[in-house]
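These are the residues of each chain, in order.
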Number of protein chains: 2
Amino acid sequence: MKAVALQVIPAIKLHSLKDACAQCNARELCLPQGLSDAELQQLDDMVGVRQKLKRGEHLYRNGDPFSAIYAIKTGFFKTDVVTEDGRDHVTGFQMHGEILGMDGISGDAHACNAVALEDSEVCVIPFAELEHLSATIPTLQRHFHRVMSREIVRDHGIMMLLGTLRAEERLVAFLLNLSQRYAARGYSPTEFHLRATRDEIGSYLGLKLETVSRALSQLQDSELIQVQQKYIRITSLDGLKKMLAHTQTC
Amino acid sequence: MKAVALQVIPAIKLHSLKDACAQCNARELCLPQGLSDAELQQLDDMVGVRQKLKRGEHLYRNGDPFSAIYAIKTGFFKTDVVTEDGRDHVTGFQMHGEILGMDGISGDAHACNAVALEDSEVCVIPFAELEHLSATIPTLQRHFHRVMSREIVRDHGIMMLLGTLRAEERLVAFLLNLSQRYAARGYSPTEFHLRATRDEIGSYLGLKLETVSRALSQLQDSELIQVQQKYIRITSLDGLKKMLAHTQTC
DNA sequence: AAGTTCGGTTGACCTGAATCAATGCGATTT
DNA sequence: AAATCGCATTGATTCAGGTCAACCGAACTT
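Residues numbered from 1 in each chain as written. Chains lettered and ligands numbered in written order. Predicted model: local features only at pLDDT ≥ 70, side-chain atom pairs only at ≥ 80, totals over all residues. Heavy atoms only, no water.

J.: Help me understand the sheet that holds strand β6 (residues 88–95) of chain B in this model?
T.: Each strand in a sheet pairs with another by means of backbone hydrogen bonds, the pair being arranged parallel or else antiparallel. Pairing in this open sheet of four strands is antiparallel, and the strands run β3-β8-β5-β6 (chain B) from one edge to the other. A single partner strand is all that each edge strand has here, and the edge strands are β3 (58–60) and β6 of chain B. Here the average twist between neighbouring strands, direction ignored, is 30°. The pairing of β3 of chain B with strand β8 (residues 113–116) of chain B spans two bridges and is antiparallel. For Tyr-60 of chain B, the partnering residue across the bridge sits in β8 of chain B and is Ala-114 of chain B. Most of the contacts of helix α5 (residues 138–164) of chain A go to β6 of chain B, to which it runs at about 120°, and overall it touches β5 (76–82) and β6 of chain B. Of the strands in this sheet, β5 and β6 of chain B touch helix α6 (residues 167–184) of chain B, which is tilted by about 25° from β6 of chain B. (Pairing = 2+ DSSP bridges. Helix = DSSP H or I, 4+ residues; strand = E, 2+ residues; numbered from the N terminus. Axes fitted to C-alpha atoms, helices over the stretch in contact; angles between N-to-C directions. Contact = heavy atoms within 4.5 Å.)

Right, here's the structure in full:
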């Protein structure tokens, strides 16, 4: 479907959202990590707007002018890049507490698409204001740099995955990564719903959807996981970890 | 071989290197892009130390404590990540004017290895000072953020390459990328020496060294390039570009 | 100058994932 | 309840790239 009109929460800000940052359950993972109350207040003042997205809606599109980065308050996103000739590739899945949009800084325009894979809400962080504020709050500056750097390190990990792992190993790495991120958010590390389709997961992992499906079935046959459509239950976290540990170790 | 003692140029700084930044031929591509003379002077004062590396030496290793990023003044580097189980993957090749070390910001320790592929020289940029200075020079702050963002966007491009291109296309993308970067530095876009071995290129592109060799030979047979060991001459830039443009376009 | 080493090329063969195709399942629509 | 649609599963076959192996050539070593 076409993108639906943005659902923005505008001017109520003054009281009800004033300390939204302070209350947000994504806080510990998000930008404001480590800020003092006063600094948090400044940041909260800056984050003027929340934006809600329905499943399937774009947060931004490749080429959109860049003006803000986004902290995911609730929900789940994918980012993908598309070339002129129609090649398309999922570059990441993002969950709450994570930051979207840093691709746009370098060229003043977004360099990928960000799509909500479930109904979601983000905090809009005007980038000019973030830069301005971070010049006066060293902790914020530091933390923002860490967030960008973490993205770089994460991408290197994916490059390694794409360059060196076999299909089943890629799936295992993917599942373990999700598991660990859910755990960090207080959810079950062994039981969750995939928000992405097999096709999207395949694109992310450099595999075809059939291969993703087969690999999941194999893992189920090995009694390491249980799969039912998008529902995943990891029955042996250790078993999965071992699969990644030894390729030639025997 | 083991890492050799670092060859650091220390205190001569005061006069001979005082305006090294201002004179550096990498300036236009490097961090100081767009700074005023006065700001450049501040930056130059901060960049206290140059460091020379011989071919094969490590600039930093995975796990090394992070304290600085590095601007390549001359030379050529690779970065690679290694997992516990010995998997190793080249994440990038860097040439002069480019910045190394941003992987280290997030964890206060470097997350990859950086190795000189030829005798090289880098400017050491103490990160704490960079953050401090960039808080007072908005242009510098902005530019640093752009550099980090560009790295993220670049990595997404590589992920796309690894996820969607076939062997020969990956080689083409690699050669075109080198060509374009050499062109941006005033070198010939059609004639250059590869600094990396087939094995390193293969690791970077997610291919085995034999496949790299074969793909280069095929491109030569198609009369798009001439190869002689590490020497590359592109005889049809357009031909190469067309190879990337249409996969299914016919 | 002969020998060694390292990197590159090329060939023959094998295999893991892609492709093609059929079927199944759940959710939504009518 | 039947029909439709999107997604997932599974099987059969193909093929690109990996693997194994032999050989070559350039650059150092002694």
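So much for the structure itself; the text now carries on.
J.: Just to check I follow, could you spell out the protein's contact with DNA strand C for this structure?
T.: Around DNA strand C there are 17 residues in total, and Ala-167, Thr-211 and Arg-214 of chain A together with Arg-198 and Ser-217 of chain B lie nearest to it. Protein-proximal atoms of DNA strand C, defined as those within 4 Å of the protein, fall in sugar or phosphate at a share of 64%. Arg-214 of chain B has a polar side-chain atom sitting 2.9 Å from a base nitrogen of DNA strand C. Ser-217 of chain B is positioned such that a nitrogen or oxygen atom in its side chain is 2.7 Å from a phosphate oxygen of DNA strand C. Counting only elements with at least two residues in the surface near DNA strand C, the list comes to α8 (209–221) of chain A together with α8 (209–221) of chain B. Looking at which element gives the most residues to the surface near DNA strand C, the answer is α8 of chain B, with five residues. Along the lines of polarity and charge, the residues of the surface near DNA strand C split into three nonpolar, six polar and eight charged. (Near = heavy atom within 4 Å. Polar contact = N/O pair within 3.5 Å; in protein donor to acceptor, adjacent residues only side chain to side chain. Nonpolar A, V, L, I, M, F, W, Y, C, P; charged D, E, K, R; others polar.)

J.: Even after reading the chapter, I still don't get the environment of Cys-112 of chain B, so can you show me in this structure?
T.: Residue and element names in this part refer to chain B. One can find Cys-112 in the loop between β7 (99–100) and β8. Counting along the chain gives 91 residues from Cys-112 to Ser-203, while the straight-line C-alpha distance between them is 14 Å. Residues in contact with Cys-112, not counting those within four places in the same chain, are Tyr-60, Arg-61, Asn-62, Thr-79, Asp-80, Val-81 and Asp-103.

J.: What am I meant to see in the interface of chain B and chain A here?
T.: How big an interface is tends to be expressed through the accessible area that disappears when the partners come together. Facing the 45 residues of chain B at the interface are 45 residues of chain A. Summed over both sides, the interface of chain B with chain A buries roughly 4100 Å², with 59% coming from carbon and sulfur. In this structure, the connection of chain B to chain A is made through eight salt bridges. Arg-142 of chain B serves as the salt-bridge partner of Glu-131 of chain A, at 3.1 Å between the closest nitrogen and oxygen. At the boundary of chain B and chain A, one finds 25 residue pairs in polar contact (both at pLDDT 80 or more). (Buried area = accessible area lost by both parts, 1.4 Å probe. Salt bridge = Lys/Arg side-chain N within 4 Å of Asp/Glu carboxyl O.)

J.: Would you explain the protein's contact with DNA strand D in this entry?
T.: If you check the shell around DNA strand D, you find 17 residues, and the closest are Arg-198 and Ser-217 of chain A together with Ala-167, Thr-211 and Arg-214 of chain B. Close to the protein, within 4 Å, the atoms of DNA strand D belong to sugar or phosphate groups at a rate of 61%. At 3.3 Å, a side-chain N or O of Lys-230 of chain A approaches a phosphate oxygen of DNA strand D. In this structure, a base oxygen belonging to DNA strand D sits 2.8 Å away from a side-chain N or O atom of Arg-214 of chain B. Of the residues contributing to the surface near DNA strand D, the split by class is three nonpolar, six polar and eight charged.

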